[in-house]
Amino acid sequence: MAYDKQDLAQLGKRASDLHVRHGMPLGDAVVKIAQDTSGLSEHHITRILENANLITFEEKFKGGD
């Protein structure tokens, strides 16, 4: 399956939600998403992790100075 930028961003969001809302370590959340999603390459997983990091940072620090 081919994954585009939006697909990978959505998978990163799901990993971030597992971390922020359910307390799962972010690395474990990315691994879970990768295991649950077929056809991912190493490059895809790297992009998912990057998106998850960015989204998590934004969630934790939005509204802060």
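Structural data are supplied above this passage.
Attention in this report is confined to the structure presented alongside it. Note that the coordinates shown come from a computational prediction; the quantities given were computed from them, not determined experimentally.

### Remarks on the pattern of salt bridges
Next, step 1: Going through the model one piece at a time under the given rule, you end up with five salt bridges.
Next, step 2: Linking aspartate 17 and lysine 13 is a salt bridge whose minimum nitrogen-to-oxygen distance equals 2.9 Å. Remark: lysine 13 and aspartate 17 occur in helix 1 (residues 5-22); sequence separation between them is four residues, near one turn of the helix.
Next, step 3: Among the residues examined, lysine 13 registers a relative accessible area of 24% and is labelled partly exposed.
Next, step 4: Here arginine 47 and glutamate 50 are joined by a salt bridge, their closest N and O atoms 2.7 Å apart. With arginine 47 and glutamate 50 both in helix 3 (residues 42-61) and three residues apart, this pair spans about one turn of that helix.
Next, step 5: On the accessibility criterion, arginine 47 (29% relative accessible area) is partly exposed.
Next, step 6: Using a relative accessible area of 44% as the deciding quantity, one classes glutamate 50 as partly exposed.
Next, step 7: Overlapping salt bridges bring together Lys13, Asp17 and Arg21 as one network.

### Considerations on the side chain of threonine 37
Next, step 1: The topology assignment puts threonine 37 in the loop between helix 2 (26-36) and helix 3.
Next, step 2: A residue is classified by how much of its surface remains accessible, and threonine 37, at 13% relative accessible area, is buried.
Next, step 3: Here the side chain of threonine 37 touches isoleucine 33 through a polar contact of 2.8 Å, landing on its backbone oxygen.
Next, step 4: Look past the residues within four positions of threonine 37 in its chain and what remains in contact with it is Tyr3 and Leu11.

### Observations regarding the packing of helix 1 against helix 3
Next, step 1: Following both chains from N to C, one finds helix 1 and helix 3 inclined at 50°, their axes separated by 7 Å at the closest point. Here helix 1 lies oblique to helix 3, going by the angle between them. The handedness of the crossing between helix 1 and helix 3 comes out as right-handed. Where helix 1 approaches helix 3, its residues Leu8, Ala9, Leu11, Gly12, Lys13, Ala15, Ser16, His19 and Val20 are matched on the opposing element by His44, Arg47, Ile48, Asn51, Ala52, Ile55, Thr56, Glu59 and Lys60.
Next, step 2: Class assignment for the residues of the contact of helix 1 with helix 3 results in eight nonpolar, six polar and four charged.

About the criteria used
- Residues numbered from 1 in each chain as written.
- Predicted model: local features only at pLDDT ≥ 70, side-chain atom pairs only at ≥ 80, totals over all residues.
- Heavy atoms only, no water.
- Salt bridge = Lys/Arg side-chain N within 4 Å of Asp/Glu carboxyl O.
- Helix = DSSP H or I, 4+ residues; strand = E, 2+ residues; numbered from the N terminus.
- Buried < 20%, exposed > 50% of the residue type's maximum accessible area, 1.4 Å probe, protein only.
- Polar contact = N/O pair within 3.5 Å; in protein donor to acceptor, adjacent residues only side chain to side chain.
- Contact = heavy atoms within 4.5 Å.
- Axes fitted to C-alpha atoms, helices over the stretch in contact; angles between N-to-C directions.
- Parallel < 35°, antiparallel > 145°, perpendicular 65-115°, else oblique.
- Left-handed = near helix turned anticlockwise from the far one by under 90°.
- Nonpolar A, V, L, I, M, F, W, Y, C, P; charged D, E, K, R; others polar.

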